[in-house]
Amino acid sequence: MTGTPEKHNRRAPPVWSPILSLQTHIPAGLPRIDLDALCRALVEQGWAVFALADTAMLTALREEALALWQEDELTRAGIGRADDFDIVREIRRDKTKWFDGASEAQAAYLDFAETLRVGINERLLLGLFAFEAHYAVYEPGGFYRRHLDSFRGARNRILSSVLYLNPGWEPADGGLLRLFDERDDSVMADIVPECGTFAVFLSEEIPHEVTAALKARFSIAGWHRCNDLGRAPALQARVLPLAAP
Ligand code: OGA
Ligand code: MN
């Protein structure tokens, strides 16, 4: 498993003219993240949360997500093999759009994900190979019931990540990412989807849900995979019974 996935190579190389870069190249200012802390947390508890610096990338991603929503470019997400609209509606009510890497903002985020991929592989030998991501909006009332992002042992999605794009989000606005301890169903964390908050967790091990959002809630959900099966979102979530109250 060597080489860089093709999708990370699509971006044209930057032009290193200082004048050009001043005028035409918006410095992406990729956020920096403490990879040692991230990897330690993954080993010890299976998840980690960071506050990313407010970079040009973050602003551009937020603006793109909002614009795509306003232009009605986000479509209702599916689940597993269930095509039945009513079943899907009871499990998740978000709208999504897969990244194609075409915009500067998406390319920057894919670069960021690539730095994570390499850095995590160096430290944990997870064999992360490819990354896929989509924008998501949970409109008021939107939720996603408790699920795993990958079947255990399927070894396709290894690491889940979510970057939130909602300035001024309050816990009372709902839309929390709730992480459960798979051993006893206790709640390990409630993560508020404030802009710049970046959550990562092990796809096969951390059951999670999104509680009902009271306002439109924007995010980027991404998955580092150990293979490149192409985007097969249809096969990838396992819905779990509701946790005991
Ligand atoms: C998902 C998911 C969590 C979130 O898309 O699979 O669990 O906080 N998203 O948006
Ligand atoms: Mn999920």
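Residues numbered from 1 in each chain as written. Chains lettered and ligands numbered in written order. Predicted model: local features only at pLDDT ≥ 70, side-chain atom pairs only at ≥ 80, totals over all residues.

Around ligand 1, a shell composed of A136, Y144, D149, V162, L177, H208, V210, S219 and A221 is seen. Only β10 (208-210) and β11 (217-225) provide two or more residues apiece to the shell around ligand 1. Tallied by class, the residues present in the shell around ligand 1 amount to six nonpolar, two polar and one charged. (Near = placed C-beta within 6 Å. Helix = DSSP H or I, 4+ residues; strand = E, 2+ residues; numbered from the N terminus. Nonpolar A, V, L, I, M, F, W, Y, C, P; charged D, E, K, R; others polar.)

Right, let's talk about unusual backbone geometry for a bit. Positioned with a positive phi, D72 is a non-glycine residue whose angle comes to about 60°. Since 8 C-beta atoms lie within 10 Å of it, D72 is described here as exposed. Unlike most non-glycine residues, D185 shows phi in positive territory, near 65°. On the secondary structure map, D185 appears in the loop between β7 (177-180) and β8 (187-191). Residue D185 is classed as partly exposed on the basis of its C-beta count, with 14 C-beta atoms lying within 10 Å. (Buried ≥ 20, exposed ≤ 12 C-beta atoms within 10 Å, placed from the backbone.)

As for its placement among the helices and strands, E170 is situated in the loop between β6 (157-164) and β7. Spatially, the C-alpha atoms of E170 and E194 are 7.7 Å apart, while their sequence positions differ by 24 residues.

With that settled, consider the confidence of the model for the chain. As a general rule, the predicted coordinates of low-pLDDT regions are not to be interpreted in detail. Counting all residues, the mean pLDDT for the chain is 84, and 79% of those residues have values of 70 or more. pLDDT under 50 marks residues 1-27. Its contacts with residues more than four places away, or in other chains, come to 22 contacts. Under a pLDDT of 50 for its full length, residues 231-235 has, in the predicted model, eight contacts with residues more than four places off or in other chains. (pLDDT = per-residue confidence, 0-100. Contact = placed C-beta atoms within 7 Å.)

A word on the sheet that holds strand β4 (residues 130-138). One open sheet accounts for seven strands, arranged β1-β9-β6-β11-β4-β3-β2; its pairing is antiparallel. Two strands in the sheet have a free side with no partner beyond their single neighbour: β1 (47-51) and β2 (75-76). Pairing geometry for strand β3 (residues 95-98) and β4, over four bridges, is antiparallel. Note on β4: the bridge partner recorded for T96 is A136. Packed onto the sheet, helix α5 (residues 104-124) meets β4 and β11 and runs at close to 130° relative to β4. (Pairing = 2+ DSSP bridges. Axes fitted to C-alpha atoms, helices over the stretch in contact; angles between N-to-C directions.)

Here we come to helix α3 (residues 56-70). Compared with the 21 Å implied by 1.5 Å per residue over 15 residues, the 21 Å span of α3 between its first and last C-alpha is a close match. For α3, every residue scored as buried is listed here: M57, L58, L61, R62, E64 and A65. The buried residues of α3 occupy an angular sector of 165° when projected down its axis, which confines them to one face. Pointing more than 90 degrees away from the buried face of α3 are the exposed residues A67 and Q70. Looking at the buried residues of α3, the elements they touch are α5, β4 and β11. Of the residues flanking the end of α3, it is D72, one or two places downstream, whose phi is positive at about 60°. (Expected span 1.5 Å × (residues − 1). Arc of directions from axis to C-beta.)

This next bit is on the nonpolar core. L61, Y109, A199 and I220 are the most contacted members of the largest nonpolar core, which totals 50 residues. Those residues in contact with I220 that lie beyond four places of it in its chain are L61, Y109, A133, Y135, V162 and L163. (Core = buried A, V, L, I, M, F, W, Y, C linked by C-beta atoms within 7 Å.)

Our focus in this paragraph is the packing of α3 against α5. Interaxial distance between α3 and α5 falls to 9 Å at its minimum, and their mutual angle equals 125°. When the axes of α3 and α5 are compared, the pair comes out oblique. Crossing handedness for the pair α3 and α5: left-handed. Of α5, the residues touching α3 (which contributes M57, A60, L61 and E64) are E104, A105, A108 and Y109. Of the residues belonging to the contact of α3 with α5, the class tally is six nonpolar, no polar and two charged. (Parallel < 35°, antiparallel > 145°, perpendicular 65-115°, else oblique. Left-handed = near helix turned anticlockwise from the far one by under 90°.)

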